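Descriptive analysis of the structure
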Amino acid sequence: MSRVVITGVGCVTPIGTGMVAFTESLRNGVSGIGPLTQCDPGPHQCRIAAEVRDFDPLRFMDLREARALPRVAQFAVAAGRLALEDAGLRAGADQTRTGVLVGTSSGPIAYSFEQQSIFLERGARRMHPSAPAFAHNGVIASECAIQFGLRGPVLTLSSACTSGTDAIGLGRTIIQAGLADALLVGGAEAPITPSLFAAFDRLGMMPRHYNEFPEAASRPFDLDREGLVLGEGAAILVLESEEHARMRGARFLAEVGGYGATCDAFSHFHQKESGDDAVRAVELALGSAGVGAEALDYVSAHGTGTRENDPFETRVLRRALGDAARRVPVSSSKSQLGHSLGAAGAMEAAAIVAGMLGGFAPPTLNLDNADPECDLVHISGQARQCQIRLALSTSFGFGSRNAALVLRRMDG
Amino acid sequence: MKTQESVDPTDVVVRALATELKASEEEIRAARSLKTDLNMDSIAAVNVAFMIEDEYDVEIDIDENDKFDSVEAIVAIVRRVLEAR
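Everything quoted here is computed from the prediction, not taken from an experiment. Here the residue numbering is sequential within each chain, running from 1 through the sequence in written order. Each chain takes a letter, starting from A, and each ligand takes a number, starting from 1, following the order in which they are written. In view of the model being predicted, local features appear only for residues whose pLDDT reaches at least 70, and side-chain atom pairs are presented and counted only at 80 or more, with totals across whole chains, interfaces and linings using the full set of residues. Remark: hydrogens and water are excluded; side-chain values derive from all non-hydrogen atoms of the structure.

**As for the domain arrangement of chain A**
Residues and elements named next belong to chain A.
- All domain edges in this entry derive from an automatic or database-based domain assignment. Splitting chain A by domain gives domain 1 (4–247) and domain 2 (259–409).
- The interface is formed by 65 residues belonging to domain 1 together with 63 residues belonging to domain 2.
- A per-residue breakdown of the area domain 1 buries against domain 2 is headed by C161, F221 and R225, which together make up 20% of the total.
- Here, a salt bridge means any side-chain nitrogen of Lys or Arg that lies within 4 Å of a carboxyl oxygen of Asp or Glu. For the interface between domain 1 and domain 2, the tally reads three salt bridges.
- Between D310 and R225 there is a salt bridge, with the nearest N and O atoms lying 3.5 Å from each other.
- Throughout this description, a polar contact denotes any pair of N or O atoms lying within 3.5 Å of each other; where both atoms belong to protein, one of them has to be capable of donating a hydrogen while the other can accept it, and for residues adjacent in sequence the pair is counted only when both atoms sit in side chains. Joining domain 1 to domain 2, the criterion identifies 25 residue pairs in polar contact (both at pLDDT 80 or more). Throughout, a residue-residue contact means that at least one pair of heavy atoms, one from each residue, lies within 4.5 Å. Each of two parts loses accessible area, computed with a 1.4 Å probe, when they are put together; buried area is these two losses added.

See the structure below:
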């Protein structure tokens, strides 16, 4: 079966836009977490977020789109444009066989809430006729297609916090099935809107005692962790069949070597205690990559920093990786990026590629005192200089979903 | 500025049209029919109307879409709305 390769990466994240800035921030352990500014922090117990503070849509699109499009679609367009530039794909590409597969959890929820507010405050006559086309998740992929002239399959998928990982894994499958030669894949999320933020706050999944110390708030695997910090942004990868990439002389960054996805079919909020299906997702990913756990150089953990996730994930990794879990270094980029839900898996894949190219593995910040129930080989505090040839990335999500990706470095 | 009586809305109208239709202000001013010459559809017309509404804090009657087809026609509508308030 054809290998599927990553030939370009673009990202808009709380620690930088574009791979140069993103890589430097990852390497230097920069935190993207700060005071909540996109909505009134007053009513909430958690008053911090990982916002993209410097985002200027006009760098990436015309004023019309900058005014009208939901922020989540703007993130995807921006990251997609950067990814295409990175891959040098547009020139000479057969765009009838290039498509889009973007993951998102909440999609344009902020836009939908805003339209609802307009309706309640100003009445039906002020409802925007674009709303039927903009207030659904599909707008993210279709706007990318329209902006870039991509005429193959154009899809948005929504599987909560595994969305970005699923989009990359299923993108590989679509290319291997011969439905497209190239795809923009990844995730986009812009969930920081008053009502959804309030709901997350009430869910009790966000830290409450770090409002004065935002950079210390996301602390996966640490004893004093209190939860996830809501984040936003997008990461888009250009995937191509190896033949297509070779034919156009593309630069190979990495291969999407394997993918596994399962569901506990158990709960909207919790993974099943046994972790059986999460283990199975990791095993499926390794199996489809044709590698054993002993070959891994690095694990990019889901690592949300919630009380529940981190020990659960530790048990899953120890079971799925066996002896290799005593050796393979693990970190959670969410300590730097916050948790951007459906974009998280894609941002973490981008972070792995950055580490493969830059000779380092990103750190878990704030891991000062590891929880004994999270006894993995952690990369604490600072990035580790190392060569990553083979990496595993895990994602778990609402609906008790599990997904895992295996990425392999390519030299040439 | 916004509340003065003798406002000339032409610049605001042209700017809104240029943004929405991705055309230069010269092209906007030169168009005899925005629908025919610059492919303005009904959604674009609503976007333009909303931009003008935001600028002047007024309501533009979208039912007059049939006349909403040139800078002059739109400026006339806006003038009427501004004078009526």
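Now that the structure is up, let's keep going.
**Describing the interface of chain B and chain A**
- Taken together, the contact pairs 13 residues of chain B with 12 residues of chain A.
- A combined buried area of about 1200 Å² lies between chain B and chain A, and 47% of that area is made up of carbon and sulfur atoms.
- Together, B:T19, B:K22 and B:F50 form the three largest contributors to the area buried by chain B at its contact with chain A, with a combined 43%.
- In this structure, the connection of chain B to chain A is made through seven salt bridges.
- Two residues, B:E20 and A:R64, come together in a salt bridge whose shortest N-O distance is 3.8 Å.
- Run the count over chain B and chain A and you get eight residue pairs in polar contact (both at pLDDT 80 or more).
- The way it works is that DSSP assigns letters per residue, a run of H or I at least four long becomes a helix, a run of E at least two long becomes a strand, and they are numbered from the N terminus. Where the side of chain B that touches chain A is concerned, the elements lending two or more residues are α1 (10–21) and α4 (42–56) of chain B.
- Among the elements that make up the side of chain B that touches chain A, the one with the highest residue count is α4(B) (seven residues).
- As a working rule, the residues Ala, Val, Leu, Ile, Met, Phe, Trp, Tyr, Cys and Pro are called nonpolar, Asp, Glu, Lys and Arg charged, and the rest polar, with Gly in that last group. Looking at the side of chain B that touches chain A residue by residue, the classes come out as six nonpolar, two polar and five charged.

**Let's talk about the side chain of B:S33**
- Relative to the helices and strands, B:S33 resides in the loop between α2 (25–30) and α3 (34–38).
- Buried residues are those whose accessible area, probed at 1.4 Å on protein chains only, stays under 20% of the maximum for their type, while exposed residues exceed 50% and partly exposed ones sit between those limits. The buried category is assigned to B:S33, whose relative accessible area is 13%.

**Comments concerning the nonpolar core**
Residues and elements named next belong to chain A.
- We define a nonpolar core as any set of buried Ala, Val, Leu, Ile, Met, Phe, Trp, Tyr and Cys residues linked to one another through side-chain atoms lying within 4.5 Å. In terms of nonpolar packing, the biggest core is built from 45 residues, with I6, V9, F22, I168 and L407 touching the most fellow members.
- Ranked by residue count, the leading element in this core is helix α13 (residues 344–358), at nine residues.
- Apart from the residues within four sequence positions on either side, F22 is in contact with C11, T13, I15, G16, L337, M347, A350 and A351.

**A word on the state of the cysteines**
Residue and element names in this part refer to chain A.
- Here, a disulfide means two cysteine sulfur atoms that sit within 2.5 Å of each other. Under the defined criterion, the tally for this structure stands at zero disulfides over all chains.
- Here C46 is not disulfide-linked; the sulfur of C39 is the nearest cysteine sulfur, at 10 Å.
- Of all cysteine sulfurs, the one in C11 lies closest to C386, which takes part in no disulfide; the gap is 19 Å.
- For C386, a relative accessible area of 19% corresponds to the buried category.

**Some remarks on the packing of α1(B) against α4(B)**
Residue and element names in this part refer to chain B.
- Between α1 and α4, the shortest axis-to-axis distance is 9 Å and the interhelical angle comes to 140°. Classified by the interaxial angle, the pair formed by α1 and α4 is oblique. The two elements α1 and α4 meet at a crossing, and its hand is right-handed. Between α1, through V12, V13, A16, L17, T19, E20 and L21, and α4, the contact on the second element is made entirely by A44, N47, V48, M51, I52, E55 and Y56.
- Residue composition of the contact of α1 with α4, by class: 10 nonpolar, two polar and two charged. To define axes, lines are fitted to C-alpha atoms, for helices over the stretch in contact only, and angles between the resulting N-to-C directions are given on a 0 to 180 degree scale. Each angle is binned into one of four classes, with values under 35 degrees roughly parallel, values over 145 roughly antiparallel, values of 65 to 115 roughly perpendicular, and all other values oblique. Crossings are assigned a handedness: left-handed for a near helix turned anticlockwise from the far helix by less than a right angle, right-handed for a clockwise turn.

**Remarks on the confidence of the model for chain B**
- For every residue, the predictor assigns a confidence score, pLDDT, that lies between 0 and 100. The share of residues in chain B with pLDDT of 70 or more is 87%, and the mean pLDDT across the chain is 88.
- As a predicted assembly, this complex carries a pTM of 0.95 together with an ipTM value of 0.82.

**Regarding the environment of A:R172**
Residue and element names in this part refer to chain A.
- Considering the arrangement of structural elements, one finds R172 in helix α7 (residues 163–176).
- Residues R172 and A217, 45 residues apart in the sequence, show an inter-C-alpha distance of 35 Å.
- When sequence neighbours within four positions are dropped, the list of residues in contact with R172 reads V4, L239, V256, G257, G258, Y259 and S288.

**Details of the pairing of strand β7 (residues 182–189) of chain A**
Residue and element names in this part refer to chain A.
- Counted residue by residue, β7 has eight buried out of eight residues, so it is predominantly covered.
- The alternating pattern of β7 places A182, L184, G186 and A188 and L183, V185, G187 and E189 on opposite faces, both of which are buried.
- Here, a strand pair is defined by DSSP locating no fewer than two bridges between the strands. Across six bridges, strand β5 (residues 98–103) lies against β7 in parallel orientation. Looking across to β7, one finds that G103 is bridged to G187.
- As defined by bridge partners, β7 adjoins strand β8 (residues 233–241) across eight bridges and the pair is classed as antiparallel. Bridging across to β8, A188 finds its partner in A234.

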